[in-house]
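Coordinate analysis (summary)
What follows is the residue order along each chain.
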Amino acid sequence: MKMEWKPEQEGLRQILTLLKESQSPDTATQRAVQQKLEELNKYPDFNNYLIFVLTKLVSEEEPTRSLSGLILKNNVKARYNSFLPEVAEFIKRECLSAVGDPSPLIRATVGIIITTIASKGELTSWPELLPALCQMLDSQDYNVCEGAFGALQKICEDTAELLDSDALNRPLNVLIPKFLQFFRHSSPKIRCHAIACVNYFIMGRTQALMLHIDSFIENLFHLAADEDPDVRKNVCHALVLLLEVRLDRLIPYLPNIIEYMLMRTQDAEEGVALEACEFWLSLAEQNVCREVLGPRLPSLLPVLVRGMRYSEMDVILLRGDRDDDADDAEPDRESDIRPRFHKPRSHTIKHNAGAGDSNMSGGGESDDEEEGGDDDGSLSDWNLRKCSAAALDVLANVFGADLLPVLFPILKETLFHDDWVIKESGILALGAVAEGCMGGMVPHLPDLVPYLVCCLAERKALVRAITCWTLSRYSHWIVSQSHDLYLRPVMTELLKRVLDNNKRVQEAACSAFATLEEEACTELVPYLGHILQTLVYAFSRYQHKNLLILYDAIGTLADSVGHHLNKQEYIDLLMPPLITKWNVLKDEDKDLFPLLECLSSVATALQSGFLPYCEPVFRRCVSLIEQTLNQNIANSQSPEQFDAPDKDFMIVALDLLSGLTEGLDGHINHLVLNSNLMQLLYQCMQDPMPEVRQSSFALLGDLTKACFQHVLPYIPEFLPILGMNLNPEFISVCNNATWAIGEISIKLGAETSKYIPLVLNHLVDIINRPNTPKTLLENTAITIGRLGYVCPHDVAPVLHQFVRQWCTSLRNIRDNDEKDSAFRGICQMIQVNPAGVVPDFMFFCDAVASWTHPKDDLKEMFTKILHGFKNQVGEDNWRRFTDQFPVQLSARLSAMCGI
């Protein structure tokens, strides 16, 4: 018989002192505790003490015992595989004996340790665990049953896949029927555990659950009206998941489920209502939505709009009830500032209008903003209000104008209500349906937009804020109407709100203005003076968080009006505050990101106007890249001494250099010459992080266009790297690498020939891949065309492998230099290998007809090829061929090429 392990009093005393000290708020004490823990971990039986305190030392207070268990859990996580076998056995035994501890806190802590061990040893090395827990479910002692269920729920959550595998002999065949029995247990806590356990297996369509799916659904319906909110919440969650995975099984019950969810979406407990509200989001994605939900819209929409109101608690937290809501003198709390994500540069191509990508949504590309704007940073991110607004948004997309007859009476009642909370929810609803119902809303906008402009002056800040967002959702329409009637008043009032004395309104107005800028583009030119004066004045007023949004509004303005910004009076207004900020910020300050992005747009727009500022900006960007690369090397050589760098600094700096290069063109020459940028770029191009490579290739393409003499010496090193990055798994990296290869080939000319084997096959694969995104297809086609332009004899032999995809992917892009060089290439390849185009000649004709104004010599090339083909096949065959053309195509070709 082995001796049973017993703690020594002295050891126990030390550990208890340590546990007490670790609850002290003092950082020095905390550090000492950490050090002591490291030392104690050298004793093999330290973990025995920890489990002993947790499960046996009833004389101590529960929080102290639980803490002992949490330290043990961290040890298990970090080094369980190096525990001595007898220590591991002791811990497992103690855990199983304490599953039913009378204290809920201790039970839960034991459950956490069990699942941590299970996910470490993958359950396989602890075969008796599941049978033991399963047996405990049948215990008459509530504590044992609840503790076992708690542990099982954590195991189901952590290791759902493993439980459904042969490795363990498929325990779910036993567990799932067992869980279903407990749906009718007398204790709500147990019923709750039982549903939660089964819910983990819905998404994976676990076989054992699918066998019992009808019994599962029946049991859920039995619990539909349960008095416990957590049970109701789990029932709603189960139905939402089943809707996504087993709609076929729910179809017969859908009308009843819809009635049930309508009731639950109004549940007094917000948690239940939120879970139920998710159901509408899921249902909108199913094809049956129109059919099953159409008749119930009159009941559902009022519920959703009611759910969009701020709760009383929200109003208190957001200080929404005060009329004097000036708070812009208070500094921001750092915790209010959300992390921003920089979107690295990607090379895209301008399209002809109507090429299938103009959207009436009025949101342009930026439709990922949250419903109701980022309206309440201080509240939990996802709540009933946002979920209800999101549901109304997706339903508007499903039902379109059919939603409006039901919605209009609700809007009439809410939009003009005396209670500001109700009025605010009406304005949010109006914004939520903008995308889906735009067509049906248009006749009403001449009345609604002026009304919204009045609401911008409302006393309550939360009403002013939401009105900014809703107006921005209709900006597409506003911009397309008479400026005097709509754009000018909307813009004037929005700019006043940009200078509101409430921070939430400033934020909403700034974001809304950025959306308006994207839609209006050069339509804003007449108002630039007033816009810039406002935005620059905001610089002196804004606290930290909103400054970041202001940078975005300025950058978007520069993107929208382009070179119209290059006027001395505008430069004198805009640049001093930007450069002041630039000088104040330290190299390690993350606020540099949005400022660098903003400067990148400004530099591209100002072009030569940016010259006086370019040198310090260029130098600092190069230095940021160099510091990041150096820190990366230091970290990889001695990770315990140096932290890994934040590579965003490097990405943003590369992108700003791209903006500078594009804006200054040849003027960048002497800056590149006197720097080590090309060597740094060579390192960045090989970085393991895709976003770094993406931005490197964008910069390489821009430098190639602006100052190829500095790129030329590196071509033998650069091209193999570009070839290796033609991997469509990383779409943006691949896209920018493709574009850079095309730019280099144009500059390199016939010399490109020796590099074609490195890239051509990859490009042909990409253009023929199904589901390749449009931008990547277009860039690939242009680069293949450019390679054919400089080296027709190298590319023409494989013409038949890509010509059809090539023609279809370029037919919608606007006339520009890229398109010009690509089409010259295809013409030269056809001259070298005419047979390669024969089977797909109609596609070529269609692509030629996509030109509006080709240059004369290009038009001549087209004419020569078409006439050559006609002469080759003879008059009769040519007529038979052209008879298949759509009328419009024949007309365009005869006008262009006289054929």
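Reading the values: rules and limits
Residues numbered from 1 in each chain as written. Predicted model: local features only at pLDDT ≥ 70, side-chain atom pairs only at ≥ 80, totals over all residues. Heavy atoms only, no water. Helix = DSSP H or I, 4+ residues; strand = E, 2+ residues; numbered from the N terminus. Buried < 20%, exposed > 50% of the residue type's maximum accessible area, 1.4 Å probe, protein only. Contact = heavy atoms within 4.5 Å. Lys, Arg positive; Asp, Glu negative; His and termini not counted. Charge placed at Lys NZ, Arg CZ, Asp CG, Glu CD. Axes fitted to C-alpha atoms, helices over the stretch in contact; angles between N-to-C directions. Parallel < 35°, antiparallel > 145°, perpendicular 65-115°, else oblique. Left-handed = near helix turned anticlockwise from the far one by under 90°. Salt bridge = Lys/Arg side-chain N within 4 Å of Asp/Glu carboxyl O. pLDDT = per-residue confidence, 0-100. Expected span 1.5 Å × (residues − 1). Polar contact = N/O pair within 3.5 Å; in protein donor to acceptor, adjacent residues only side chain to side chain.

On a plain count of helices and strands, the protein comes out with 50 helices and zero strands. The principal-axis extents of the C-alpha atoms in the protein amount to approximately 100 × 65 × 65 Å. Considering the protein as a whole, with its 899 residues, one finds that 56% of them fall into the buried category. In the protein, the share of contacts with a sequence separation of at least 24, taken over all contacts with a separation of at least 6, comes to 76%. Taken together, the 81 basic and 121 acidic charged side chains of the protein have centroids lying 1 Å from each other.

Glancing now at the side chain of Glu493. Within the secondary structure, Glu493 is located in helix α28 (residues 483-498). Apart from residues lying up to four places away in sequence, Glu493 is in contact with Val453 and Leu456.

Before going further, it helps to examine the packing of helix α25 (residues 445-455) against α28. Between α25 and α28, the least distance of the axes is 10 Å, while the angle of their chain directions is 20°. As the angle between them shows, α25 and α28 are arranged roughly parallel. Viewed along their axes, α25 and α28 form a crossing whose handedness is left-handed. Contacts from Pro446, Val449, Pro450 and Val453 in α25 reach Tyr486, Pro489, Val490 and Glu493 in α28.

With respect to the helices, strands and loops of the structure, Thr467 is situated in helix α26 (residues 461-473). Here Thr467 falls in the buried class, since its relative accessible area comes to 0%. Discounting residues that sit within four places of it in the chain, Thr467 has contacts with Ile427, Leu452, Cys455 and Leu456.

Tallied over the entire structure, the rule returns 31 salt bridges. We note a salt bridge from Asp393 to Arg473, for which the minimum N-O separation is 3.5 Å. With Asp393 in helix α21 (residues 384-399) and Arg473 in helix α26, this pair connects stretches of sequence that are 80 residues apart. Between Asp820 and Arg824 there is a salt bridge, with its nearest N and O atoms 2.6 Å apart. With Asp820 and Arg824 both in helix α46 (residues 817-832), this residue pair falls four residues apart, about one helical turn. Accessibility expressed as a relative area gives 10% for Asp820, which makes it buried. The class of Arg824 is buried, set by a relative accessible area of 10%. Bridged by salt links that share partners, the residues Arg107, Glu146 and Lys189 form one connected network.

Right, let's talk about unusual backbone geometry for a bit. Even without being a glycine, Gln607 presents a positive backbone phi close to 50°. On the secondary structure map, Gln607 appears in the loop between α33 (592-606) and α34 (611-637). The phi torsion at Asn771 lies on the positive side, around 65°, for a residue other than glycine. With respect to the helices, strands and loops of the structure, Asn771 is situated in the loop between α42 (756-768) and α43 (774-790).

Here Leu392 shows up in helix α21. C-alpha of Leu392 to C-alpha of Ala429: the two residues are 37 residues apart in sequence and 7.4 Å apart in space. The contact partners of Leu392, leaving out residues within four places of it in the chain, are Leu301, Leu304, Val305, Met308, Leu403, Ala429, Ala432 and Val433.

Another point: the confidence of the model for the protein. Averaged over every residue, the pLDDT of the protein is 86; residues scoring 70 or more account for 93%. This model gives residues 353-379 a pLDDT under 50, and the stretch forms 59 contacts once residues within four places in sequence are excluded.

Between its first and last C-alpha, helix α11 (residues 188-199) extends 16 Å over 12 residues, near the 16 Å set by a 1.5 Å rise per residue. Counting buried positions over the 12 residues of α11 gives 10, a clear majority of the element. Listed as buried for α11 are Ile190, Arg191, Cys192, His193, Ala194, Ile195, Ala196, Cys197, Val198 and Asn199. Of the surrounding secondary structure, the elements contacted by the buried residues of α11 are α8 (142-158), α10 (172-181), α12 (207-211), α13 (213-222) and α14 (229-245). For α11, the capping residue at the N-terminal end is Ser187, with a side-chain oxygen 3.2 Å from the backbone nitrogen of Lys189.

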